[in-house]
Amino acid sequence: MTAPRAPIRVLIADDNRSVRKGLRLQLEAAGGICIVGEVGNGLDAVRVAQAETVDVVLMDMQMPGMNGADATRRLLAAEGDVPAVIVMTSFAVDGYITDAIDAGAVGYLLKSYDSDQVVAAVEAAARGESIVSPRAIAPVLREFVRRRGPDPDVERLASLSPAERRVVALLASGITANEAIAASLHVSVHTVRTQLQSALRKVGVADRTQLALWGVRNRLG
């Protein structure tokens, strides 16, 4: 018999008490998630995360004392096991996103638009995956294009068919609607869906946003 999976231990860091309460209720209702604490500033986020066993931190960008980016940077610079950090903010501002990427955050969500993605983001972060708000994908892609990142993932690139590479390349360029991709390639929307699903499986990522980021890192965009 397979042993039950341990709950994902989450710390919520946000200076708005109502936001913290809403996140706690949402995550606890999902099952499989344990809230180990709530804090209202970056300094306490670092202190509690280092004192407790924490898998994922939901980190607000704008907090008193120490902002979310600085708290993330300090937390991830520590020795030993460190939690995955998902940055949450009210704004899809290029500077905020760049700061989050530089600090080492694995996710970026917008409070006003992505409340339905919080549980999925926490579960993805616990698996070592990233999730980015669809409304923040354009500046994230611009930043990855500017940096270009490490050498391409040759093995997974080779696994894609020419048609799948073309679809991923358009996705990585910022064309995200299936209809727009289909029009650009002069194929049906059904064909685009099929090729995207196949590419997701071959690359080993969970959603279109991660596939777009993978495409940019591998210079397909």
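In this text, all values refer to a predicted model and were calculated from it rather than measured experimentally.

Chemist: Quick question: what am I supposed to make of the overall build of the protein chain here?
Modeler: In terms of regular secondary structure, the protein chain is built from eleven helices and six strands. Across the protein chain, the fraction of contacts at a sequence separation of at least 24, relative to all contacts at a separation of at least 6, is 64%.

Chemist: For this particular structure, what's the right way to read the pattern of salt bridges?
Modeler: Pairing between side chains of opposite charge can happen when the charged atoms of each approach one another. Throughout the structure, instances matching the rule amount to nine salt bridges. Between Glu38 and Arg24 there is a salt bridge, with its nearest N and O atoms 2.4 Å apart. Note that Glu38 is positioned in strand 2 (residues 33-39) and Arg24 in helix 1 (residues 17-30), a separation of 14 residues in sequence. Linking Lys111 and Asp60 is a salt bridge whose minimum nitrogen-to-oxygen distance equals 3.1 Å. Of this pair, Lys111 sits in the loop between strand 5 (107-110) and helix 5 (118-126) while Asp60 sits in strand 3 (residues 56-60), placing them 51 residues apart in sequence. Residue class for Lys111 comes out partly exposed when judged on its relative accessible area of 22%. Using a relative accessible area of 4% as the deciding quantity, one classes Asp60 as buried. Residues joined by salt bridges that share partners form a network here, namely Arg20, Arg24, Glu28 and Glu38.

Chemist: Explain the confidence of the model for the protein chain here, please?
Modeler: Close reading of the predicted structure is inappropriate where its pLDDT is low. Averaged over every residue, the pLDDT of the protein chain is 84; residues scoring 70 or more account for 89%. Taken element by element, the predicted model of the protein chain shows its lowest mean pLDDT in helix 6 (residues 137-147) (64) and its highest in strand 1 (residues 8-13) (96).

Chemist: Any chance you could explain the nonpolar core here in plain terms?
Modeler: Within soluble globular proteins, side chains that are nonpolar tend to cluster in buried spots. Ranked by size, the top nonpolar core spans 26 residues in total, and within it Leu11, Val57, Met59 and Tyr108 carry the most contacts. Residue assignment for this core shows that the elements contributing at least two residues are strand 1, strand 2, helix 2 (42-51), strand 3, helix 3 (68-76), strand 4 (84-89), helix 4 (94-103) and strand 5. When residues of this core are assigned to their parent elements, the largest contribution, four residues, is made by helix 2. By size, the runner-up hydrophobic cluster in this structure holds 19 residues, among which are Ile12, Met88, Val122 and Ala125.

Chemist: What is the right way to read the packing of helix 9 (residues 178-185) against helix 10 (residues 189-203) from this model?
Modeler: Two numbers describe a pair of packed helices, the interaxial angle and the distance between the axes. Close contact between helix 9 and helix 10 brings their axes to 8 Å; oriented N to C, the two are set at 105°. One finds that helix 9 runs roughly perpendicular with respect to helix 10. Where helix 9 approaches helix 10, its residues Asn178, Glu179, Ile181 and Ala182 are matched on the opposing element by Val189, Val192, Arg193 and Leu196. Grouping the constituent residues of the contact of helix 9 with helix 10 by class yields five nonpolar, one polar and two charged.

Chemist: Quick question: what am I supposed to make of helix 2 here?
Modeler: Note: α-helices contain 3.6 residues per turn, so residues at a spacing of three or four share the same orientation. When helix 2 is considered as a whole, its buried residues turn out to be Gly42, Ala45, Val46, Val48 and Ala49. Here the buried face of helix 2 lies against strand 1, strand 2, strand 3 and helix 3. Between the side-chain oxygen of the N-cap and the backbone nitrogen of Leu43 there are 3.1 Å, and the N-cap of helix 2 in question is Asn41.

Chemist: How should I be thinking about the sheet that holds strand 5 in this particular structure?
Modeler: Working definition: the strands of a sheet are paired by backbone hydrogen bonds and lie parallel or antiparallel to each other. A sheet is described by the order of its strands in space; here six strands give the open sequence 2-1-3-4-5-6, paired in parallel fashion. Of all strands in the sheet, those bounded by a partner on one side alone are strand 2 and strand 6 (131-132). By the bridge criterion, two bridges tie strand 5 to strand 6 in an arrangement that is parallel. The residue of strand 6 that forms the bridge with Tyr108 is Val132.

About the criteria used
- Residues numbered from 1 in each chain as written.
- Predicted model: local features only at pLDDT ≥ 70, side-chain atom pairs only at ≥ 80, totals over all residues.
- Heavy atoms only, no water.
- Helix = DSSP H or I, 4+ residues; strand = E, 2+ residues; numbered from the N terminus.
- Contact = heavy atoms within 4.5 Å.
- Salt bridge = Lys/Arg side-chain N within 4 Å of Asp/Glu carboxyl O.
- Buried < 20%, exposed > 50% of the residue type's maximum accessible area, 1.4 Å probe, protein only.
- pLDDT = per-residue confidence, 0-100.
- Core = buried A, V, L, I, M, F, W, Y, C linked by side-chain atoms within 4.5 Å.
- Axes fitted to C-alpha atoms, helices over the stretch in contact; angles between N-to-C directions.
- Parallel < 35°, antiparallel > 145°, perpendicular 65-115°, else oblique.
- Nonpolar A, V, L, I, M, F, W, Y, C, P; charged D, E, K, R; others polar.
- Polar contact = N/O pair within 3.5 Å; in protein donor to acceptor, adjacent residues only side chain to side chain.
- Pairing = 2+ DSSP bridges.

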